[in-house]
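# Overview (structure and organization)
Spelled out, the chains give:
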Amino acid sequence: MPSVCLYFQVHQPCRLRRYSFFDVGHLHDYEDGAENRRILDRVAEKCYLPAGALLLQLIEEYGGAFRVAFSLSGVALDQIEQRRSDVLEGLQRLSATGCVEFLNETDGHSLAFLSSPREFREQVLRHRERIRSLFGREGRTFRHTELIYSNALAAAVEKMGYRAILAEGTEKILGRRSPNLVYRPSGCKKLKLLLRNYRLSDDVAFRFSDRNWAEFPLTAAKYAHWLHRIRREEAVVNLFMDYETLGEHQWRETGIFDFLRALPGEILRHPDFCFRTPAEAAEAHEAAGEIDCPGFISWADEERDTTAWLGNAMQQDAARKLYHLETAVRRRKDEGRLQIWRMLQTSDHFYYMCTKWFSDGDVHRYFNPYESPYEAYINYMNILDDFSQSLKKTSKGEKR
Amino acid sequence: MRILMFGWEFPPRMSGGLGTACYGITAALAGLGHRITFVLPQDGEAGAAPFLDMVSASGVPVSDNDRDDGMETLLRRLTLRPLPSLLHPYLDPGQYNALYLSQGNRFQTTAAVYGPDLIAEALRYARASGVLARTLSFDVIHAHDWMTVPASLLARRISGRPLVLHIHSLEYDRSGENVNEEIREIEREGLEKADRIIAVSHRTKRMIAEHYAIPPEKISVVYNAVTRTEAQRAYRTERPGERKIVLFLGRITFQKGPDYFVEAAAQVLHVVPDVTFVMAGAGDMMGRMIERVGELGIGDRFHFTGFLQGEEIERIFSLSDLYVMPSVSEPFGISPLEAMMYDVPVILSRQSGVSEILKHALKVNFWDVREMASKIIAVLKHPVLAGAMAEKAREELRKIRWENAAERIAAIYREAVSGAGPQRTPS
């Protein structure tokens, strides 16, 4: 029985304030609180609350036949916990239905795995604990920031006890094989790999309201029909997208909520199809083969690699200097400093420094609060400078 | 197409961007097969551009016939007198001279091109143009800035050919609120009577539409570009690197914002002492700038080169680690493009036309000295930033070509010839 696996990513970075060189040594608050609140409130009203209510209604209506998964970045959770208890309660109500899986990821929405295995492990454990305490559920599925994936990551994740991991269903690792099957990561024994069907996912996430698209307007019936056409031996269709697709990237006026409301009925109209969460899908289907992925892949840009965050010299310099502080940060044994260091690891800060503007430019600019990648780098490095100095200052203070 | 072009400066006789732009535009137009007669007010050093017929207006004999050509109406409305605005408001003329002399005449001023009798010059130039308009055959008139307006209007009237007026700079850019009314009046007349207007940026287009009430549909934006030279390659790798050099290059006048550069330099030197600031150029604010550098006590890290030209400019670019253009009002601004050709990262004022097309430069509001200083420090401090900017700028420059500008201009000629020209007989 083919599974449809719907997972929504919830992430809001902690945007940094404009921080001049002349602020270094004077200003130790790095967050643009007003902007973060403004965006969170907007997204809560346009997406989190109405989408959450609709999902709850659908789950109740279909009596458990409709199931979804979420991954909540720790950075987004921080902001939601502080400011929007209504959003958190909505998520907890969804969790209480038993039809919603919450995935685990790095708490700081970071690229730690690429720089520090120890930091990666600590962030995953921290996130696992937060999800457990907020929703009472043990994470069984892991997804890495920006759907970054490699053999080495899969091995580390298996070692931490997870049963499933998500990745991008790109031809780079699949060759001519289908993304609609469950696979085994090369070198793993138990862990299963679920791959995003990027065509079908992006039909909703990117193309839904595109009037120049040949398939516009996309109805739930048409979309379900595409899903129903998969080959008999294919087992699972993974539709992974940003939660903000619902109401924020695709506004309410585009009809995205009506589409979602009609979707479960249209898909379940075919008796062979059912909804499963990633952990359930991984358990229900045997691995159809092995996937070898020696280098890193991701769900970003046409390249599907890590160059959106670590592709140019500025990004590499910033990351190197950030992780170079790890020893000093740990030596401080100061939870506040550790959390600032983690906040600075969020992948978005590096994404803003991306200079690949001419092919993927539009998406980058839409999400970028800076005028240019150079401004993003300067701002970040000034903050890192101050943070680094603050680590030194206190250690001296303690010796006295 | 045959073009009668009125200019004010042309290499090597020039003091700024107008000459550079005229060279780039005419060379690219000639490359497209157009034939250009370029009229300059005074004897230039001939032979600078083999693709042009260079005509010097000062050598044209003017008969009484040409004097009396309706042009006198415009002449009578103008009082001819020296322009007091050329002297800096902070200095009286005596002070200016004293400063100028104290430098031992090391600094060449730009008086040869922009003299105190500028309006009288423009009108003398206009008279000669009548003769040229009668004797030469051409399809379209292309004039650059207000100095050539009287000449080009007269040529338009005599020949019946359409006039394309190319605005590189307005009186508002040059003088801020202290606008010279006579010059403004000449600009207005030219903008109203021209058949088509070319603005070097959307910024300039907006100013033309707002300050002179010209319908925007008459104005086309054609961005400037940059000419590649041989010397650039030879000098490229010369940067010595011991002490970093931050460069200002341009006329030291109100419009170019030299005072903001000096203030930013002081803020930078306060935290990063090992930097040299260079102010290359000359102008009516130079004395005041020298004084201010003294007041701030940064004289040992701040140098004035005086007016530079030709290879000296190439040399100074190649020695620099950062170029700053803090202009208060810059219709376009070619010099950042020149800096980029030497792999020099650029900080630009947002109040510039060139900032509309450059992505791989840092931008600041000219008045925000602290932000300017902060960005200067960032570029000096982070070699990867300077490197990334230079690398991407190289790609960006490949798309900024005079050939593209010339194609746009030729299309505007065609529109003007087919649609305009007041006394034009159909042909």
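If you're wondering where the values come from, they're calculated on a predicted model, not measured in any experiment. (Residues numbered from 1 in each chain as written. Chains lettered and ligands numbered in written order. Predicted model: local features only at pLDDT ≥ 70, side-chain atom pairs only at ≥ 80, totals over all residues.)

## Comments concerning the overall build of chain B
Across its full length, chain B carries 17 helices and 13 strands. Counting over 427 residues, chain B shows a buried share of 49%. Long-range pairs, those at least 24 residues apart, make up 72% of the contacts in chain B with a sequence separation of at least 6. (Helix = DSSP H or I, 4+ residues; strand = E, 2+ residues; numbered from the N terminus. Buried ≥ 20, exposed ≤ 12 C-beta atoms within 10 Å, placed from the backbone. Contact = placed C-beta atoms within 7 Å.)

## Regarding helix α7 (residues 198-205) of chain A
Residue and element names in this part refer to chain A. Every buried residue of α7 is listed here: Tyr198, Leu200, Ser201 and Val204. Here the buried residues of α7 occupy an arc of 170 degrees about the axis, which is enough to place them on one side. Buried residues along α7 sit in contact with β5 (164-168), β7 (192-196), α8 (220-228) and β8 (236-242). (Arc of directions from axis to C-beta.)

## Some thoughts on the confidence of the model for chain A
Looking at chain A as a whole, the pLDDT averages 94, with 96% of positions reaching at least 70. Mean pLDDT across the elements of chain A bottoms out in helix α16 (residues 361-366) of chain A (55) and peaks in strand β4 (residues 141-142) of chain A (98). (pLDDT = per-residue confidence, 0-100.)

## Some remarks on the sheet that holds β4 of chain A
By way of backbone hydrogen bonds, the strands of a sheet pair with one another, either parallel or antiparallel. All names here are of chain A. The three strands lie next to each other as β4-β5-β7, forming an open sheet whose pairing is parallel. If you trace the sheet from one side to the other, it starts and ends with β4 and β7, each paired once. One ladder, built from five bridges, connects β5 with β7; its direction is parallel. Paired with alanine 164 across the two strands is lysine 192, which belongs to β7. (Pairing = 2+ DSSP bridges.)

## Description of the interface of chain B and chain A
At the junction of the two partners, chain B supplies 16 residues and chain A supplies 16 residues. Elements supplying a minimum of two residues to the side of chain B that touches chain A: β13 (362-364), α15 (369-381) and α16 (383-398) of chain B. Residue composition of the side of chain B that touches chain A, by class: seven nonpolar, three polar and six charged. (Nonpolar A, V, L, I, M, F, W, Y, C, P; charged D, E, K, R; others polar.)

## Topic: the domain arrangement of chain B
All names here are of chain B. Taken domain by domain, chain B holds domain 1 (2-80 + 117-225 + 403-419) and domain 2 (230-398). Taken together, the contact pairs 21 residues of domain 1 with 14 residues of domain 2. Among the elements of the structure, α1 (17-31), α7 (171-175) and α9 (202-212) are those that each provide at least two residues to the side of domain 1 that touches domain 2. Residue composition of the side of domain 1 that touches domain 2, by class: six nonpolar, 12 polar and three charged. (Domains from an automatic or database assignment.)

## Focus: unusual backbone geometry
Residue and element names in this part refer to chain A. Residue proline 217 is reached from phenylalanine 216 by a cis peptide bond, and omega for that bond is -5 degrees. Looking at the element boundaries, proline 217 is found in the loop between α7 and α8. With a phi angle near 55 degrees, leucine 147 is a residue other than glycine that sits in the positive phi range. Looking at where leucine 147 falls in the secondary structure, it is placed in the loop between β4 and α5 (151-159). For arginine 304, which is not glycine, the phi dihedral falls at a positive 55 degrees. Of note, arginine 304 is situated in the loop between β12 (290-291) and α11 (307-310).

## Here we look at the domain arrangement of chain A
Residues and elements named next belong to chain A. Each assigned domain of chain A is listed with its residue range as follows: domain 1 (3-291) and domain 2 (310-399). A straight line from the C-alpha centre of domain 1 to that of domain 2 covers 25 Å. In this complex, domain 1 contributes 26 residues to the contact, which on the side of domain 2 involves 21 residues. The residue inventory of the side of domain 1 that touches domain 2, partitioned by class, reads 10 nonpolar, 10 polar and six charged.

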